[in-house]
2 protein chains.
Amino acid sequence: MTSTATSGTTSPEPRGPRSPGRPRSERAEKAIIEATLELLGEHGYAALAIEAIAAKAGVGKTTIYRRWPNKEELVLDALAATSVPLGELPGTSLRDDLIACVEYVRRSRGSRSTRLFPLMMLEGLNNPRLRERYETVVLEPRREVLRGVLRRGIEAGELPPDFDVDLGVALIVGPILYLTKVWNVPDDQLPDDVAARIVDSVLDGIRARR
Amino acid sequence: MTSTATSGTTSPEPRGPRSPGRPRSERAEKAIIEATLELLGEHGYAALAIEAIAAKAGVGKTTIYRRWPNKEELVLDALAATSVPLGELPGTSLRDDLIACVEYVRRSRGSRSTRLFPLMMLEGLNNPRLRERYETVVLEPRREVLRGVLRRGIEAGELPPDFDVDLGVALIVGPILYLTKVWNVPDDQLPDDVAARIVDSVLDGIRARR
């Protein structure tokens, strides 16, 4: 996504890649992202205006357009930036890594990115392009981590060679998303070992079919 | 939900229960529900006004308040009424009934009720009461059908006596909801036997643990 940072700029100054040596620019970026998420949550996507974001972040519109070509890319970047970090996978076994992925979804239930998910789903009904970009920029990178875990399971012989990785993703994250987001079960009412039970259900099923 | 139909009425006329012998009243009800769903999709929940619904449906506000005490109950009733009917379960086996439940979720992806789901999730973030009522009136009755299937599986000895029915619901419907709603995989790109594969994954897992 940083590839879009310098495209579509309206500024005449040449800009190099972002570097940690530019604290003021980073502070501005944080403020812009913060303002974007706040206004998005308050007013929705359609009513979100770059002008209002600039005012709330205390920057000029040019500062925003220097980094993001349009509202869509700014919103997607903001949502991606605010996601709960997945963290290191334990790497000790297929089971442990899958449990870590489920725990990640469980942990992220209250995050702002997760709270804004229904808003993006809703917007996406009338704006398929936004939906697709949201998929690519925000959801797909996380899904790819889980796909990697499953592919390593196939390579290690823990999953059959013809294992359907995409269906596997759905079997692993679908149940925890359903419990936490659709059903809205409070975290303390979920079984402590819910992640292990979901993962074991999938792995036991595979073992039974061999 | 029909129990709310006569409560909170502002009309002085006494009303009996709804009966099939009142075609005009039924036409009005259909028009009101239709107008509610249309305006809800266009303007969201907060901006939805009983006045606008009445105008669109071609009825007086009193006609609406005669049936529904407030906007919340009207919206919930409308969403419940527009859900794709679950239909008869085959009743031939636990597996067949579970597959029918998954196929139901798959089939309902394009329904208006399903399309309005993210809107209700979003509203629910700021309106926990609405979220809870939505849960009770719209989601829970469908979930209860699936719970019934699983309970019959326990009684028939096809599932272990300590089977966690609620986790079972999540394992069965979570993956298909994830594929169709979150991931947004087009129906023709799902495996034809996706319902059977989800159900078999769960049932095989249970068999393996016995």
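Residues numbered from 1 in each chain as written. Chains lettered and ligands numbered in written order. Predicted model: local features only at pLDDT ≥ 70, side-chain atom pairs only at ≥ 80, totals over all residues. Heavy atoms only, no water.

## Side note on the packing of aromatic side chains
In total, this model carries four aromatic pairs over all chains according to the counting rule given. Ring centres of A:Y178 and A:W183 lie 5.9 Å apart, and the angle between their planes is 70 degrees; on these two criteria the pair is classed as edge-to-face. The ring of A:Y45 has A:K71 sitting right over it, with the charged end atom 4.5 Å from the ring centre. A:R143 extends its terminal NZ or CZ atom over the ring of B:W183, reaching a point 4.0 Å from the ring centre. (Phe/Tyr/Trp six-rings, centres within 6.5 Å; stacked < 30°, edge-to-face > 60°. Lys NZ or Arg CZ within 6 Å of the ring centre and 35° of its normal.)

## Some thoughts on the pattern of salt bridges
Where charged atoms from two side chains of opposite charge approach closely, those side chains can pair. Under the counting rule described, the total for this entry stands at 38 salt bridges over all chains. Among the ionic pairs, A:R143 bridges to A:E140, the shortest N-O distance being 2.8 Å. On the criterion of helical spacing, the pair formed by A:R143 and A:E140 is a turn pair, its members being three residues apart in helix α8 (residues 128-155). One salt bridge in this structure joins B:E51 and B:K61, with 3.3 Å as the shortest N-O distance. Here B:E51 is found in helix α2 (residues 50-57), whereas its partner B:K61 is found in helix α3 (residues 61-67), with ten residues between them in sequence. Taking relative accessible area as the criterion, B:K61 reaches 35% and is therefore assigned partly exposed. Through salt bridges that share partners, A:R131, A:E135, A:E140, A:R143, A:E144, A:R147, A:R151 and A:D166 make up one connected network. (Salt bridge = Lys/Arg side-chain N within 4 Å of Asp/Glu carboxyl O. Helix = DSSP H or I, 4+ residues; strand = E, 2+ residues; numbered from the N terminus. Buried < 20%, exposed > 50% of the residue type's maximum accessible area, 1.4 Å probe, protein only.)

## Some words on the nonpolar core
In terms of nonpolar packing, the biggest core is built from 131 residues, with A:I64, A:L79, A:L98, B:I64, B:L79 and B:L98 touching the most fellow members. If we skip the residues at most four places from it in the chain, B:L98 touches B:L146, B:V149, B:L150, B:I172, B:V199 and B:L203. (Core = buried A, V, L, I, M, F, W, Y, C linked by side-chain atoms within 4.5 Å. Contact = heavy atoms within 4.5 Å.)

## With respect to the relation of the copies chain B and chain A
In screw terms, the move from chain B to chain A is a rotation of 180 degrees and a rise of 0.0 Å along the axis, fitting with an RMSD of 0.0 Å. This pairing of chains is accounted for by a two-fold axis. Closest approach to the rotation axis among the C-alpha atoms of chain B is made by B:G205, whose C-alpha sits 1.8 Å away. In this assembly the copies share their binding face: 100% of the residues contributing to the interface of chain B also contribute to that of chain A. (Least-squares fit on C-alpha atoms with pLDDT ≥ 70 in both.)

## Observations concerning the packing of helix α4 (residues 71-82) of chain B against helix α8 (residues 128-155) of chain B
Geometrically, a packed helix pair is captured by the angle between its two axes and the distance between the axes. Residues and elements named next belong to chain B. Contact geometry for α4 and α8: axes closest at 10 Å, N-to-C directions at 25 degrees. When the axis of α4 is compared with that of α8, the two are roughly parallel. In this structure, the crossing between α4 and α8 has a hand that is right-handed. Contact residues: E72, E73, L76, L79 and A80 in α4; R129, L130, R133, Y134, V137, V138 and R142 in α8. For the contact of α4 with α8, a count of residues per class yields seven nonpolar, no polar and five charged. (Axes fitted to C-alpha atoms, helices over the stretch in contact; angles between N-to-C directions. Parallel < 35°, antiparallel > 145°, perpendicular 65-115°, else oblique. Left-handed = near helix turned anticlockwise from the far one by under 90°. Nonpolar A, V, L, I, M, F, W, Y, C, P; charged D, E, K, R; others polar.)

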